[in-house]
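Residue-level listing of the chains:
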Amino acid sequence: MALQDEETQPAPTAYDVIVVGAGLGGLYALKKFSDLGLSVLALERAEGVGGVWFHNRYPGARVDVESLDYCYYFSPELYREWRWSERYAGQPELLAYLNHVADRFDLRGKILFRTALTRAQWLPEAASYDVTTSTGLALRCRFLVMATGNLSAARKPDFPGLDSFRGEWVQASHWPDRQVELAGRRIAVIGTGSTGVQAIPVLAEQARHLTVFQRSPNFSVPARNGPIDAAKFQDATADVPARRKALLQTRAAISSNLGPSLAFAAYTPEERQARLEAQWALGGQGMNRVFADQGIEQTANDAVADFVRAKIRETVKDPATAERLCPYDHPIGSRRLCVDTDYYQTYNRENVTLVDIGADPIERITATGIQTASTHHEIDLIVFAIGFHAFRGALDQVDIRNEHGETPTTYWHRGPRTLLGLMTSGFPNLFLLTGPGSPSVLANMVMMNEEHVNFTAGLIAHMTANGFATVQPDPAAEAAWGETVAQAAAKLLRLGVKNYMVHVNADDGSRIFMPYVGGLDRYTEICRDVAENGFQGFAFGQAGSDAA
Ligand SMILES: Cc1cc2nc3c(=O)[nH]c(=O)nc-3n(C[C@H](O)[C@H](O)[C@H](O)COP(=O)(O)OP(=O)(O)OC[C@H]3O[C@@H](n4cnc5c(N)ncnc54)[C@H](O)[C@@H]3O)c2cc1C
């Protein structure tokens, strides 16, 4: 029986683990911790499972890592039985997959939907958190696992005059679960990050007119999407554990690349061009790895960026529009590389206009459209694709307090501080899946979540075996990990670029690159070593003790 059926079965108040979020991380956490024999409850703000793939229903939404990579590996049977229809699955298929997972492993009954975590207070004597929800429930748990996602707290549109708009407006990241009329309408898209780049070609096909408001262009590469052929599927499913192991020995567990690359200088000019063309033809995120040093060497990066800019000019017929679409303000890959289907081609359509709001800023939304400094655009539907409060947005929105009344937000006021991106000092038994300090969004996020859940499960099993009640990072180990993360990022071109992965301290301009950029392969090795050494760097204690 589902726990949400409160009248017939009131939810118990105490659990071993409360998992917050029922996206792909939360679902796997529910399964794994239940398998350990722990009592587990998940809280999910939305009315269904799926996380990002529940909320982001905008037309064109799809994964930008290949479907055969971007799925769970914990169950080889699950891996073999789910047949992805496309190389890059679309949102409906991803959501269907995650619903299938919830049903197949009987997880739904352990989730309270339409229920957000609002407050959690650490109680040292009980070595537990008292948890309050948006629905007024009072719960308690020994372990609080935040599976709340790095890209789940959407930026709200904040344009003057929006209230006066008589048309319709939607947020791509919370696209309504109903028919949004597109055909025959004058549609505006504000934002040209990954979301805008995916939505624009699909919206353009149906709109009477589509006006794209671009603040600054991003690099995009073709997905080369299409059906997954039987041979590829056979190959992927032949030995699932071996495939998983092989992916974890790569930097990001993303297979759409040409394989290992050397530094730019190691190739002749002809070889460089051939590699660029081959990766362009293959499509996907591998354009970030044509040369091993393109993330740190400007010359190598320029070669890739120049190549993509040349492709934009080749594709877009109007030279002025092509030029406006060419990014010059950041190295390629220093913001998330967009992966598209016919993005640049869309600007050859007669019903599409590109407005450069860097040069011609939006002044306000009016009753009938959008007023820029120079022009009034008549609009029926505005689509906001303006991104997220990345990494810590979801955490900042809840009130988690340690025994001294501190919140992670206050502790992180100069940027996130974690051990392995999973725990933060001073907050016992609080786990942050795929948090800052782990490879997180630089890697395939399904595998990243699996790794963090498995590590956490190992940690809890270690505590049970040794009679510990509390765990948190040793402050020295946390500081050392922070140093490791900073060193890994020190030479990155990306560190100097404004993007959602960099925390900037306003007072002194110091910059913290939030994900660990040393690679998922290296990260997995480090986690294995830590676990094998009795979870070195983590401090364990008893209820009421100061040890943790
Ligand atoms: C449009 C889009 C496309 C993406 N494409 C890719 C991709 O191709 N490859 C890739 O690796 N990554 C991609 N990502 C990154 C994505 O974040 C991860 O792939 C993955 O979905 C993360 O899963 P998660 O379970 O960690 O978090 P999420 O999927 O974000 O799930 C978090 C859940 O927590 C819930 N929640 C948040 N706060 C609370 C609260 N206080 N109480 C209760 N519930 C709460 C949310 O409602 C949500 O359901 C994409 C992200 C977006 C937005």
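Quantities reported herein were computed from a predicted structural model and do not represent experimental measurements.

### Remarks on the packing of helix 1 (residues 24–35) against helix 14 (residues 445–466)
In step 1: The N-to-C vectors of helix 1 and helix 14 enclose an angle of 30°; their axes lie 9 Å apart at closest approach. Classified by the interaxial angle, the pair formed by helix 1 and helix 14 is roughly parallel. Handedness of the crossing formed by helix 1 with helix 14: right-handed. Together, Leu-24, Gly-25, Tyr-28, Ala-29, Lys-32 and Phe-33 of helix 1 and Met-445, Val-446, Asn-449, Glu-450, Val-453, Asn-454, Thr-456, Ala-457 and Ile-460 of helix 14 make up the contact between the two elements.

### Considerations on the nonpolar core
In step 1: The biggest cluster of nonpolar side chains holds 139 residues, and the ones touching the most others in it are Phe-33, Tyr-72, Leu-210, Met-287, Leu-420 and Phe-538.
In step 2: By residue number, the principal contributor to this core is helix 14, which donates 10 residues.
In step 3: If we skip the residues at most four places from it in the chain, Phe-538 touches Leu-419, Leu-420, Met-423, Phe-455, Leu-459, Val-471, Gln-472, Pro-473, Asp-474 and Val-530.
In step 4: Membership of the second largest hydrophobic core comes to 26 residues, among which are Tyr-129, Leu-395, Ile-400 and Leu-430.

### Things to note about the pairing of strand 9 (residues 209–214)
In step 1: Among the six residues in strand 9, five count as buried, and that is most of the element.
In step 2: Since strand 8 (residues 186–190) and strand 9 lie parallel, the crossover through helix 5 (residues 194–206) that links them has a hand, and here it is right-handed.
In step 3: In the sheet, strand 9 pairs with strand 12 (residues 352–356) via five bridges, with the strands oriented parallel. Looking at strand 12, one finds that Leu-210 is bridged to Val-352.

### Structural notes on the sheet that holds strand 14 (residues 369–372)
In step 1: Pairing within the open sheet is antiparallel, and its three strands lie in the order 13-14-15. Of all strands in the sheet, those bounded by a partner on one side alone are strand 13 (362–365) and strand 15 (376–378). Recorded for the sheet is a direction-independent mean angle of 20° between the axes of neighbouring strands.

### Considering the site of the ligand
In step 1: Surveying the vicinity of the ligand reveals 33 residues, the closest of which are Gly-25, Glu-44, Val-52, Asp-64 and Tyr-70.
In step 2: Here Val-52 contributes a backbone N or O atom positioned 2.8 Å from an oxygen atom of the ligand.
In step 3: Protein burial of the ligand: of its 980 Å² of free accessible surface, 96% is covered by the chains.
In step 4: Only helix 1, helix 2 (52–55) and helix 14 provide two or more residues apiece to the shell around the ligand.
In step 5: In terms of residues, the shell around the ligand owes the most to one element, helix 2, which gives three residues.
In step 6: Residue composition of the shell around the ligand, grouped by class: 17 nonpolar, 12 polar and four charged.

### Description of the sheet that holds strand 12
In step 1: Judged by pairing direction, the sheet is parallel, and its five strands sit side by side in the order 7-16-8-9-12 without closing on themselves. Edge strands, defined here as strands with exactly one partner in the open sheet, are strand 7 (168–171) and strand 12. When strand polarity is set aside, the average angle formed by the axes of neighbouring strands in this sheet is 20°.
In step 2: With respect to the sheet, helix 5 is in contact with strand 8, strand 9, strand 12 and strand 16 (381–384), its orientation differing from that of strand 9 by roughly 165°.

### A short note on the packing of aromatic side chains
Each pair of aromatic rings is reported with the distance of its centres and the angle of its planes.
In step 1: If you walk through the whole model with that rule in mind, you get 27 aromatic pairs.
In step 2: Ring centres of Tyr-72 and Phe-74 lie 5.1 Å apart, and the angle between their planes is 65°; this geometry places the pair in the edge-to-face category.
In step 3: On the basis of relative accessibility, which here comes to 1%, the residue Tyr-72 falls in the buried class.
In step 4: Between the aromatic rings of Trp-82 and Tyr-97, the centroid separation amounts to 5.3 Å while the plane-to-plane angle is 65°, which identifies the pairing as edge-to-face. With Trp-82 in the loop between helix 3 (76–81) and helix 4 (91–104) and Tyr-97 in helix 4, this pair connects stretches of sequence that are 15 residues apart. Taken individually, Trp-82 and Tyr-97 each receive the classification buried, so the pair is uniform in this respect.
In step 5: A network of ring pairs unites the aromatic residues Tyr-28, Tyr-72, Phe-74, Trp-82, Trp-84, Tyr-97 and Phe-105 as a single cluster.
In step 6: When the ring centre of Phe-264 is taken as origin, the NZ or CZ atom of Arg-272, which lies over that ring, is 3.8 Å away.

### Describing helix 4
In step 1: Look at helix 4: 20 Å from first C-alpha to last across 14 residues, which is about the 20 Å you get at 1.5 Å a residue.
In step 2: Listing the buried residues of helix 4 in full gives Gln-91, Glu-93, Leu-94, Leu-95, Tyr-97, Leu-98, Val-101 and Ala-102.
In step 3: Buried residues belonging to helix 4 abut helix 1, helix 2 and helix 3.
In step 4: Positioned one or two residues after helix 4, Asp-106 has a phi angle of 55°, which is positive.

### A look at the pairing of strand 4 (residues 117–123)
In step 1: Across six bridges, the pairing between strand 4 and strand 5 (residues 128–133) is antiparallel. Each residue of the ladder has a partner; that of Leu-123, found in strand 5, is Ser-128.
In step 2: Connecting strand 4 to the antiparallel partner strand 5 that follows it, the hairpin turn spans four residues, and Ala-127 within it adopts a positive phi of roughly 50°.
In step 3: Here strand 4 runs beside strand 17 (residues 399–401); their pairing, made up of three bridges, is parallel. Across the sheet, the residue bridging to Ala-120 is Ile-400, located in strand 17.

### Notes on the confidence of the model for the protein chain
In step 1: For the protein chain, the mean per-residue pLDDT works out to 95, and 97% of the residues sit at or above 70.
In step 2: Note that residues 1–12 has pLDDT below 50 and, in this model, 17 contacts with residues that lie over four places away or in other chains.

### Structural notes on the side chain of Gln-91
In step 1: Residue placement: Gln-91 occurs in helix 4.
In step 2: A relative accessible area of 8% places Gln-91 in the buried class.
In step 3: In this structure the side chain of Gln-91 is engaged in a polar contact, spanning 2.9 Å, whose partner is the backbone oxygen of Trp-53.
In step 4: With residues up to four places along the chain from it excluded, the contact list for Gln-91 reads Trp-53, Asn-56, Arg-57, Ala-61 and Arg-62.

### Considering the pattern of salt bridges
Pairs can form between side chains of opposite charge whenever their charged atoms are close.
In step 1: Overall, the coordinates contain 28 salt bridges when judged by the stated rule.
In step 2: The partner of Glu-86 in a salt bridge is Arg-62, and the shortest N-O contact between them spans 3.1 Å. Of this pair, Glu-86 sits in the loop between helix 3 and helix 4 while Arg-62 sits in the loop between helix 2 and helix 3; the two residues are 24 residues apart in sequence, bridging distant segments of the chain.
In step 3: Note on Arg-62: relative accessible area 22%, which makes it partly exposed.
In step 4: Among the salt bridges present, the one from Glu-525 reaches Arg-522, with a minimum N-O distance of 3.1 Å. Highlighted residues: Glu-525 and Arg-522, both in helix 16 (residues 520–532), separated by three residues, approximately one helical turn.
In step 5: Classification of Arg-522 as partly exposed rests on a relative accessible area of 40%.
In step 6: Through salt bridges with shared partners, one network takes in Glu-66, Arg-87 and Lys-232.

Cut-offs used in this document
Residues numbered from 1 in each chain as written. Predicted model: local features only at pLDDT ≥ 70, side-chain atom pairs only at ≥ 80, totals over all residues. Heavy atoms only, no water. Axes fitted to C-alpha atoms, helices over the stretch in contact; angles between N-to-C directions. Helix = DSSP H or I, 4+ residues; strand = E, 2+ residues; numbered from the N terminus. Parallel < 35°, antiparallel > 145°, perpendicular 65-115°, else oblique. Left-handed = near helix turned anticlockwise from the far one by under 90°. Contact = heavy atoms within 4.5 Å. Core = buried A, V, L, I, M, F, W, Y, C linked by side-chain atoms within 4.5 Å. Buried < 20%, exposed > 50% of the residue type's maximum accessible area, 1.4 Å probe, protein only. Right-handed = clockwise from strand over helix to strand, strands pointing away. Pairing = 2+ DSSP bridges. Near = heavy atom within 4 Å. Polar contact = N/O pair within 3.5 Å; in protein donor to acceptor, adjacent residues only side chain to side chain. Areas by Shrake-Rupley, 256 points an atom, 1.4 Å probe, with all protein chains shown as cover. Nonpolar A, V, L, I, M, F, W, Y, C, P; charged D, E, K, R; others polar. Phe/Tyr/Trp six-rings, centres within 6.5 Å; stacked < 30°, edge-to-face > 60°. Lys NZ or Arg CZ within 6 Å of the ring centre and 35° of its normal. Expected span 1.5 Å × (residues − 1). pLDDT = per-residue confidence, 0-100. Salt bridge = Lys/Arg side-chain N within 4 Å of Asp/Glu carboxyl O.

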